[in-house]
Amino acid sequence: MSWHLYNIMCNYGDLLPTKFSCNTGKLREQLKKFDNEWRKFNPGKPHILRDGLSVTSIDGNFGGNDLDSLKDVMERTGEVHYEASYTTLTPVYYECDEVKKLVDPWKDWIARSHFIRLPPGGFFPTHCDGDRINDPEVFRIIVPIQNVNPPTFHFMFGGGATMLPIYWNQGTAYFMNTHKPHCLFNNSVSSDSLWLIMNIKVCEEAVQAQKFAVYTYCLLYTSPSPRDVEESRMPS
C-alpha cells in the first residue's frame, strides 16, 4: 500500500514545489538562539563536514541519536529505530515562528526532521534514501534556506548520465523523490549551506495534503491572471 501511495505523489513529478514557504532571513535569525544545540550529523563519519539541528527527536530534547545513521545505531546498540520513531517536536519548533509555518502543514504526520548545515567542503555522496526492499515509511519535504544553488552549491539529482543540478527557490518547501540518486556538495569558500529536511509518514491523509499543496502552488503560480484572461479575449 505504501508504494502505491508514494507513486501517486511521484506521478506529478520527482521534484515539486508546494504552496508552503518561509522568510529565510527571519528563520536564520530565529535559529541563532540554538547555536549551541547543533550536533555532528552522522557522527560515524566524522571526516564529512556536516551538522544537524533537531526539529524532532524521541523525547523532544537535543543530544539523542536522531542525527545518527539509524543503521549505525542498530549495529552499535542493538536498538531498532525508524524514521517514525522521532515524532516529538523540539524547542526549535516551539520557539521559531518560521519553523512552525513549514512544519504545521505536516505536523500530524511528522517523523524524523532536522536542519542540515554543510560548511564549505561539506557533502553527501551519491545515494538513494529509503529501504530497497520494504515499502517506503516516509516521504521527504525539503526546504532550501541558504547557499543552495550553483555556482557555490550543487545539489545533483537523477542518477547516471542524467544527473543534473537543481536550481531552488529559497524558502519554498518541495516534495522530492529521494528514492532516486542524488548528491550534494558545498563548493563555496566562505558560506554554509542550510536546509530543512522533513520526513513525513506515508499515509493517505499525508499524501492528499501533499497533492493539495502541489496543486495549489500550480494554481497560484502557473494559472493566468484575470487580466491576462480578459486581454486574451480582446480582438486583435
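Residues numbered from 1 in each chain as written. Predicted model: local features only at pLDDT ≥ 70, side-chain atom pairs only at ≥ 80, totals over all residues. Heavy atoms only, no water.

Q: I'd love a proper account of the overall build of the protein chain, names of residues and values included.
A: Of the regular secondary structure elements, the protein chain holds seven helices and 13 strands. Counting the 236 residues in the protein chain, one finds 49% classified as buried. Within the protein chain, counting contacts between residues at least 6 apart in sequence, those at least 24 apart form 80% of the total. When the accessible surface of the protein chain is split by element, carbon and sulfur atoms take 53% of a total near 11900 Å². (Helix = DSSP H or I, 4+ residues; strand = E, 2+ residues; numbered from the N terminus. Buried < 20%, exposed > 50% of the residue type's maximum accessible area, 1.4 Å probe, protein only. Contact = heavy atoms within 4.5 Å. Areas by Shrake-Rupley, 256 points an atom, 1.4 Å probe, with all protein chains shown as cover.)

Q: Which residues make up the environment of M156, and what are the values?
A: Positionally, M156 belongs in strand 9 (residues 153–157). If we ignore the near neighbours within four places in the chain, the residues touching M156 are M163, L164, P165, P181, H182 and C183.

Q: Account for the pattern of salt bridges, with residues named and values stated.
A: Across all of its chains, the model carries nine salt bridges by this definition. One salt bridge connects R117 with D51, and the closest N-O pair in it is separated by 3.4 Å. Residue R117 is located in strand 6 (residues 110–118), and its partner D51 is located in strand 3 (residues 51–54); the two are separated by 66 residues in the primary sequence. A salt bridge links K101 to E98, with the shortest nitrogen-to-oxygen separation between them at 3.1 Å. Of this pair, K101 and E98 both sit in helix 5 (residues 97–103), three residues apart, roughly one helical turn. Looking at K101, the relative accessible area reads 41%, which means it is partly exposed. For E98, a relative accessible area of 6% corresponds to the buried category. (Salt bridge = Lys/Arg side-chain N within 4 Å of Asp/Glu carboxyl O.)

Q: Tell me about unusual backbone geometry, and please be specific about residues and values.
A: A cis amide bond links P150 to the next residue, P151, at an omega of 10°. Relative to the helices and strands, P151 resides in the loop between strand 8 (138–146) and strand 9. The residue N42 is not glycine, and still its phi comes out positive at about 50°. Looking at the secondary structure, you find N42 in the loop between strand 2 (39–40) and strand 3. Residue classification places N42 among the buried positions, given a relative accessible area of 8%. Residues other than glycine seldom take positive phi values, yet N147 does so here, at roughly 50°. Residue position: N147 is located in the loop between strand 8 and strand 9.

Q: Break down the packing of aromatic side chains for me, with residues and values.
A: Two measures describe an aromatic ring pair: the distance that separates the ring centres and the angle between the ring planes. Considering all chains together, one arrives at 13 aromatic pairs under this definition. Following the ring pairs from residue to residue traces out a cluster consisting of W3, Y6, F20, W106, F139 and F175. We note R50 situated over the ring of F124; from NZ or CZ to the ring centre the distance is 4.3 Å. Note that R117 overlies the ring of W38, its terminal NZ or CZ placed 4.2 Å from the centroid. (Phe/Tyr/Trp six-rings, centres within 6.5 Å; stacked < 30°, edge-to-face > 60°. Lys NZ or Arg CZ within 6 Å of the ring centre and 35° of its normal.)

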